[in-house]
Amino acid sequence: MKLESHLRERREAGHKLLVPYVTGGLGAGWRDVLRAVAAAGADAIEVGIPFSDPVMDGKTIQEASQRALEIGATPDAIIADLRGIDIDIPIAVMTYYNPVFHAGHERFASALADAGVDAAIIPDLPFDELDGWGDAADRARVETVLLAAPTTPEERLRLICERSRGFVYAVALMGVTGERANLPEQALTMGRRCSKVTDRPVLLGVGISTPEQAVQAAGAADGVVVGSALVRRLLQGGGPDEAGAFVAGLRAALDAAT
Amino acid sequence: MTSLARGEPVLLGPAGPEPTGLGRFEGDFGGRFVPESLVPALEELEHEFRAAWHSDEFRREFADLLQSYAGRPTPVTECHRLSERLGVRVLLKREDLTHTGSHKINNVLGQALLTRRMSKRRLIAETGAGQHGVATATAAALFGLECIVFMGAVDVERQSLNVFRMRLLGAEVIPVHSGSATLKDAINDALRDWVATVETTHYCIGSVVGPHPYPWMVREFQRVVGDEARTQCRALLGGDPDVVVACVGGGSNAIGTFAGFVDTDARLVGVEAAGLGLESGKHGASVNRGVPGVLHGAKSLFLQDEHGQIREAHSISAGLDYPGVGPEHAALAAAGRAEYACATDHEALDAFQALSVTEGIVPALEPSHALAWVTRAAREGSIAPGSTVLVTLSGRGDKDAMQVAEHLSGDSR
Ligand SMILES: Cc1ncc(COP(=O)(O)O)c(C=O)c1O
């Protein structure tokens, strides 16, 4: 349970948690982006395995996924690229259920485990449909991070927080990924609701785009996931340096606030 | 026994079987694979639909609308001249004669009633050919609801008449440019909208696809096609037809038709789009060439590559240009209860013209695929001479006239 234990340790040491998202296979040097992000103070990294039909993603991550697919990104190649990468923080892959189902639960879980990937996030595989994958992932010691949404009722929220591994991904707003001008009040409510029913790390994600928003959100949760704001910089031609600088800015803001 | 003539009351048959577990059909097809944000709304919809479908009041309201607004029952027409040509007895279930011109209106009126029951004020829909978009815009106008229709940019081009109709009816049409810019991508964007608006918005899905309860609910709203046809065939033929045929995009007109005959001895045939030919890779034959997968909320058969990326479909008809099929079709195929054939763009164009000149009925390009298969099967003898064949004519061809005209002038050049 490397992701969860690592995040718990960091939290116990008094840090707010920062998990940036990077689309896998987005350019030949994408692993250098991971290295830069790790060096800039990320606590874990979410690596997107692009899917042709990402229904939980807004324009930025859609475009990144499509670009990565066009230059040949595949689940196998991305997982192979992650094998033994020289990064000392946990890695979670984020993908959709079809590539997992297509590969086969057992095969996908063991491929992740063999590559040293610690966890998986599959946003279109809700709690009720988790069984086949969830069991295979447990057996392979891959942590499955579940999402909780603002519309999730109380009893179900409790079950989701209980079944989640690694952390609880608290969806900060009603909508798909993408930058927003403001953090909605809903985000803070969501962070507090989850934290009340679990002692697992709770990270707010979706729509969190700036250091200010990250600090605000982290006030109601253990930390944040930041995706589109980082991926946009990569799409606009930014490389590892720019990615690292952006993450360092988030890190500094979070540290200054604690 | 009722005559089921036009203007007679619509008699809804008994409710059909529910899928088991979390929306599962045989073979584990179906399910509810959606982002967490949508789960509570789908649970609510499932409960509302179940309660409504067993409520006499709801059924009466639905039946009244189907009669007084949509113009049901639709007739079954015997095609004497076509039958003579093909050597089999061809009967058409005339969904082209419904208000708005296709079977899509049946499902939409049911979902609009449910929307009102759930006190939602906004409808969103995806559309391929535009028929479902037009039907949804129509129901939205009738019920005073806001209506947004997502439509692939490619389809906006090839079905411009329907885009105009939707706008005329007060709907907003949003062209979708992502991916293949067709039906699959329109569904993606509708789902993305719904993830943000689910508390006030109903997603009116146009076929037997999507997460539970849609495949079941849409089948139930479309089963009136098959239930009527069965009664009409018995009056006309004194029994069930030998073969029952319908085109399959997502599969709603086919499943609605099959629902009336699944417990008879009739041979059930769904006809998919073979596009430029199965070997070309440019087709929409998800049962014939797809593999199990999960897309748009359900486990079913999808066209995909070796990594599980969904492939783009191709068909001359926008309504069949979808790389998947509803989960109940995957189940019927796996169980061997229905067979799935296909017809190419070219064959569909021929059938489009053939029905027009032999019967004075201009079919939509989608059911032209079903007619094309019947034509080929009769010629090749895979339908025995003299058999009775019921074909669901799911829609009329006005929307396709311009596109066909362009193809034909292209051919003769
Ligand atoms: C006339 C007509 N037939 C068939 C279809 C295909 O849909 P389904 O397979 O759900 O009946 C469409 C879809 O747009 C249509 O407009």
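These numbers were taken from a predicted model, which means no experiment stands behind them.

1. A few points about the interface of chain A and chain B
Thinking step 1. With 36 residues of chain A at the contact, the number on the chain B side is 37 residues.
Thinking step 2. Broken down residue by residue, the surface that chain A buries against chain B is led by V55(A), H102(A) and E129(A), which jointly contribute 20%.
Thinking step 3. Where chain A packs against chain B, one counts three salt bridges.
Thinking step 4. At the boundary of chain A and chain B, one finds 18 residue pairs in polar contact (both at pLDDT 80 or more).
Thinking step 5. Of all the elements, helix α5 (residues 97-103) of chain A adds the most residues to the side of chain A that touches chain B, at five residues.
Thinking step 6. Looking at the side of chain A that touches chain B residue by residue, the classes come out as 20 nonpolar, nine polar and seven charged.

2. Regarding the sheet that holds strand β14 (residues 388-393) of chain B
Residue and element names in this part refer to chain B.
Thinking step 1. Strand order across the open sheet formed by six strands is β3-β4-β14-β9-β10-β13, with mixed pairing between neighbours. With partners counted over all chains shown, the strands left at the sheet margins are β3 (76-78) and β13 (338-344), one partner each. Mean inter-strand twist for the sheet, computed between neighbouring axes without regard to direction, equals 30 degrees.
Thinking step 2. Here β3 pairs with strand β4 (residues 89-94) via three bridges, running antiparallel. Paired with E78 across the two strands is L91, which belongs to β4.
Thinking step 3. Against the sheet, helix α9 (residues 214-237) touches β3, β4 and β14, its axis set at about 140 degrees to β4.
Thinking step 4. Lying over the sheet, helix α13 (residues 345-359) contacts β3, β4, β10 (267-275), β13 and β14, oriented at roughly 90 degrees with respect to β13.

3. Structural notes on the sheet that holds strand β7 (residues 172-176) of chain B
All names here are of chain B.
Thinking step 1. Read across the sheet, four strands follow the order β7-β6-β5-β8 without closing on themselves; strand pairing throughout is parallel. Edge positions in the open sheet fall to β7 and β8 (201-203), since each of these has one partner strand only. Averaged over all pairs of adjacent strands, the angle between strand axes in this sheet comes to 20 degrees, irrespective of strand direction.

4. What about the domain arrangement of chain B?
Residues and elements named next belong to chain B.
Thinking step 1. We note that the domain assignment places domain 1 (23-69 + 103-214) and domain 2 (76-101 + 223-409) within chain B.
Thinking step 2. The distance between the C-alpha centroids of domain 1 and domain 2 comes to 22 Å.
Thinking step 3. Listed as interface residues are 42 residues of domain 1 and, on the opposing side, 44 residues of domain 2.
Thinking step 4. Here domain 1 meets domain 2 over a buried area of about 3,400 Å², counting both sides, of which 63% is carbon and sulfur.
Thinking step 5. A salt bridge links K299 to D28; the nearest nitrogen and oxygen atoms lie 2.7 Å apart.
Thinking step 6. Counting residues per element, the ones that place at least two in the side of domain 1 that touches domain 2 are β1 (24-25), β2 (29-30), α4 (104-117), α5 (131-143), α6 (153-158), α7 (160-168) and α8 (183-197).
Thinking step 7. A total of five residues in the side of domain 1 that touches domain 2 trace back to one element, the largest contributor, which is α8.
Thinking step 8. Residue composition of the side of domain 1 that touches domain 2, grouped by class: 17 nonpolar, 16 polar and nine charged.

The rules behind each value
- Residues numbered from 1 in each chain as written.
- Chains lettered and ligands numbered in written order.
- Predicted model: local features only at pLDDT ≥ 70, side-chain atom pairs only at ≥ 80, totals over all residues.
- Heavy atoms only, no water.
- Contact = heavy atoms within 4.5 Å.
- Buried area = accessible area lost by both parts, 1.4 Å probe.
- Salt bridge = Lys/Arg side-chain N within 4 Å of Asp/Glu carboxyl O.
- Polar contact = N/O pair within 3.5 Å; in protein donor to acceptor, adjacent residues only side chain to side chain.
- Helix = DSSP H or I, 4+ residues; strand = E, 2+ residues; numbered from the N terminus.
- Nonpolar A, V, L, I, M, F, W, Y, C, P; charged D, E, K, R; others polar.
- Pairing = 2+ DSSP bridges.
- Axes fitted to C-alpha atoms, helices over the stretch in contact; angles between N-to-C directions.
- Domains from an automatic or database assignment.

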